[in-house]
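# Descriptive analysis of the structure
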Amino acid sequence: MEPLILALGWLGLYAPLALGAVGSMIGCARAGSAACGALLEVESGYGRYIGVAAMPSSQTIYGIVVTMALRRELTVENSPGIFGLGLLAGLALMFSASAQGSACAASINVSKNKLEIFGISLAPAALVEGFAVFAFVFALVLAAGIPK
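Notes on the structure in this doc start here. (Residues numbered from 1 in each chain as written. Predicted model: local features only at pLDDT ≥ 70, side-chain atom pairs only at ≥ 80, totals over all residues. Heavy atoms only, no water.)

### A word on the overall build of the protein chain
- Helices and strands together make up the secondary structure of the protein chain, namely six helices and zero strands.
- Ordered by position from the N terminus, the helices and strands of the protein chain form the series α-α-α-α-α-α.
- Each principal axis of the C-alpha distribution contributes one length, and for the protein chain these read about 60 × 25 × 15 Å.
- A buried classification covers 42% of the 148 residues belonging to the protein chain.
- Carbon and sulfur atoms provide 74% of the accessible area of the protein chain, an area that totals close to 7,600 Å². (Helix = DSSP H or I, 4+ residues; strand = E, 2+ residues; numbered from the N terminus. Buried < 20%, exposed > 50% of the residue type's maximum accessible area, 1.4 Å probe, protein only. Areas by Shrake-Rupley, 256 points an atom, 1.4 Å probe, with all protein chains shown as cover.)

Printed below as a string of structure tokens:
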């Protein structure tokens, strides 16, 4: 039983980075596809679309930081906490990055036709980012309570 508990600890340790990166890949691909389509329809301002398409990549950075905060010698006592916190933080980052990619794609699609609403069209993507930050910050706070 002990090897299984330790293996789950390792899984939890890597989950925030891995799942955050999976979500970022999905989100950036969604937004990137919209950006590529927009490039064909506009004559300038390409950088703004590429920048928006990269927004979901921040969840990978959050995952890296959470993984580093959870890093410690794994024991039978701390592995369940690391597993639970790492897995749930990773899932939150994955789903937020995916949802942010959809919001970014919508922003790109609407702003290519009406450029003056570009800034306000990013509000939904910013809200999703806020939820990712909540998951990130609370994962860091809770990680400090897991025994070393």
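### Some words on helix α2 (residues 46-53)
- For α2, the full list of buried residues reads Y49, V52 and A53. Buried residues along α2 cover an arc of 105° about the axis, so they all sit on one side.
- On its buried face, α2 is in contact with α1 (2-41), α4 (79-111) and α5 (118-121). (Arc of directions from axis to C-beta. Contact = heavy atoms within 4.5 Å.)

### Describing the nonpolar core
- Residues A35, Y49, V52, C104 and I108 are the most contacted members of the largest nonpolar core, which totals 15 residues.
- Counting residues per element, the ones that place at least two in this core are α1, α2 and α4.
- With sequence-adjacent residues up to four places away left out, V52 is seen in contact with A31, C104, I108, F118 and L122.
- The next biggest cluster of nonpolar side chains, apart from the first, holds 14 residues, and it includes L13, L85, A132 and F136. (Core = buried A, V, L, I, M, F, W, Y, C linked by side-chain atoms within 4.5 Å.)

### Topic: the packing of aromatic side chains
- By the definition in use, this model includes two aromatic pairs.
- Residues Y62 and F136 carry aromatic rings whose centres are separated by 4.8 Å and whose planes lie at 20° to one another, so their mutual orientation is stacked. Within this pair, whereas Y62 is found in helix α3 (residues 58-70), its partner F136 is found in helix α6 (residues 123-143), the two being separated by 74 residues in sequence.
- Overall, the relative accessible area of 14% leaves Y62 in the buried class.
- Given a relative accessible area of 15%, F136 falls into the buried group.
- When the ring of F131 is compared with that of F134, the centres are 6.0 Å apart and the planes differ by 75°; the resulting orientation is edge-to-face. (Phe/Tyr/Trp six-rings, centres within 6.5 Å; stacked < 30°, edge-to-face > 60°.)

### Overview of the side chain of S58
- Assignment of secondary structure puts S58 in helix α3.
- At a separation of 3.3 Å, a polar atom in the side chain of S58 contacts the main-chain carbonyl oxygen of M55.
- Polar contacts involving the side chain of S58 include one to the side chain of Q59, which spans 3.0 Å. (Polar contact = N/O pair within 3.5 Å; in protein donor to acceptor, adjacent residues only side chain to side chain.)

### Quick look at the side chain of N78
- Mapped onto the elements of the fold, N78 is located in the loop between α3 and α4.
- Only 2.8 Å separates the side chain of N78 from the backbone nitrogen of T75, close enough to count as a polar contact.
- Reaching out from N78, the side chain makes a polar contact with the backbone oxygen of P147 at a distance of 3.2 Å.
- Beyond its immediate chain neighbours, meaning those up to four positions away, N78 contacts R72, E73, I146, P147 and K148.

### Points about the pattern of salt bridges
- Inspection of the entire model under this criterion finds one salt bridge.
- A salt bridge links E41 to K112; the nearest nitrogen and oxygen atoms lie 3.3 Å apart. Residue E41 is located in helix α1, and its partner K112 is located in the loop between α4 and α5; the two are separated by 71 residues in the primary sequence.
- Using a relative accessible area of 52% as the deciding quantity, one classes E41 as exposed. (Salt bridge = Lys/Arg side-chain N within 4 Å of Asp/Glu carboxyl O.)

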